[in-house]
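# Secondary and tertiary structure notes
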Amino acid sequence: RIIIPSCLIHIFITISSRGASVVPIASAFSFISTTLPLISSAKAAVQHTATTITMSSGSAPTTSNRKYPPSRFVIDSDGKKWRLCVGIAVVNSSNRLLVGERSSVPGSWQCPQGGVDAAHDGNDDETINDAAARELYEEMGLVVGKHVLPDDDSTENATAFRYETTGTNSWLTKNGFAGQELHWRIFRCIDGRGDDDASVITDLSGQNGESAEFTQVRWEDIDHVVTNVWEAKKKNYEVLQSILQNSSIEAWNRKCIDLDFTGRWVRQNNFGVNLVNALVARGLTEEKARVESEKPYIQTWVRDESDKTAWVVSTFDADDETTVRRKLKYAVGTWEEEYKGQATIYGEALKPTVVTRRTFYVPEPDADRTTYAIAHVTLSQTPKGLEESRRYLKNDGQQMILRRTFWSAGDCEPAISTEVFARD
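### Quick notes on the overall build of the protein chain
For the protein chain, the count of helices and strands is 9 helices and 20 strands. The 424 residues of the protein chain split such that 51% are buried. At a minimum sequence separation of 6, the contacts of the protein chain that also span at least 24 residues come to 61%. For the protein chain, the computed accessible surface area is about 20,500 Å², with 50% contributed by carbon and sulfur atoms.

### What to know about helix 9 (residues 286-294)
Residue pairs spaced three or four apart in an α-helix point in one direction, given the helix's 3.6 residues per turn. Of all the positions in helix 9, only Ala289, Glu292 and Ser293 are classed as buried. Relative to the axis of helix 9, the buried residues are bounded by an arc of 100° and lie together on one face. Exposed positions of helix 9 whose direction lies more than 90 degrees from the buried face are Glu287 and Glu294. Structurally, helix 9 contributes buried residues whose contacts are with strand 11 (263-267) and helix 8 (275-281).

### A closer look at unusual backbone geometry
Notably, Asn274 is not glycine yet its phi reads approximately 65°, a positive angle. Residue Asn274 is classed as partly exposed on the basis of its relative accessible area, which comes to 35%. With a phi angle near 55°, Asn395 is a residue other than glycine that sits in the positive phi range. Relative to the elements of secondary structure, Asn395 occurs in the loop between strand 18 (385-394) and strand 19 (399-408).

### Side note on the nonpolar core
Counting 26 residues, the largest nonpolar core has Ile88, Val90, Leu98, Met140, Leu142, Val148 and Phe187 as the members making the most contacts within it. Where this core is concerned, the elements lending two or more residues are strand 3 (81-91), helix 3 (128-140), strand 9 (179-189) and strand 10 (214-220). In terms of residues, this core owes the most to one element, helix 3, which gives 6 residues. In contact with Leu142, other than residues within four places in its own chain, are Leu98, Leu136, Tyr137, His147, Val148, Ile201 and Thr202.

What counts, and where the lines are drawn
Residues numbered from 1 in each chain as written. Predicted model: local features only at pLDDT ≥ 70, side-chain atom pairs only at ≥ 80, totals over all residues. Heavy atoms only, no water. Helix = DSSP H or I, 4+ residues; strand = E, 2+ residues; numbered from the N terminus. Buried < 20%, exposed > 50% of the residue type's maximum accessible area, 1.4 Å probe, protein only. Contact = heavy atoms within 4.5 Å. Areas by Shrake-Rupley, 256 points an atom, 1.4 Å probe, with all protein chains shown as cover. Arc of directions from axis to C-beta. Core = buried A, V, L, I, M, F, W, Y, C linked by side-chain atoms within 4.5 Å.

Next up, the structure:
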């Protein structure tokens, strides 16, 4: 007799039904709110004489039975038709690129890409940003606002590149296209676990009725991708390489340095959310958890002099707010912390125990968008489970939000809590 946990049954049902799913409405609204500044620039980048052409069912390179909508295209001064398409580049905190191994060509790795739909069935022309969000969802199951956010620092007007397919006897040539005009759209991963292992957030089964495009995914260095990509697409990826290295990466690194946690922070216990339940999930009794949630919690954050993205954090004793009980340097990358004795988050250790931790920065949709649009994240593999600590600024930098997510061994759903700190 086999007992299946209800959470696994839920996962099975969810996966089984995804073939006919659509992007959730909440995610669509999130995409609109986060990409509104990009849409106008996208339209400006595609101010061509454009009409539409209907491709016959099954003409696109897929094994799906889906009937495809017409594609948008542009006409150049020589009268050549170029199909509009979008390439989606997702990068993580280490500025590595998300690529998938194509199901139809084992050993060939590339980014998601696809055509931009023209008006059909009562729908307006699809924007390049809309197409990017749709293709990313259909091919990798990633949702804008939940897994990724648009990178505002990519150079939008430098992302178009045309490549010819004339003479290849491809479905593009058969439908009257000289080739494709590719527009890159760049996104950044906002999921803590996915930033390290993309497979935990992707769904490669194919969404919205699409066939599976990829069999596996990984984060890869952009130079390696350019060197090893299919020769016919190399120029496309060299354009992406230039965008990332000349604007996006530099701007991102600057944002990480500009995020300023400097100061003394005091937890506002009356603003905490679900902290007691989260501590119970770590093994504390409810009474003990309630006591811990009501204790004073004070920290000071000082920027490291030798590394502007690293922070030295001192935590004070709850019973003596002037005595430092713990001092750590949070440096970007993987590091280790050794502890012994009783720790609220880690549990009790009778002998020195090592906790492996990884610190990095990701975009944060809930942070102050105008000045502090990113979060400082640390993943910790503890004896009790995996812990994500995510800190970001609100209220013009006067509040620090600490959102903890804890995955205990054997549990399907994480325990999530929120703590609010005020600058003192």
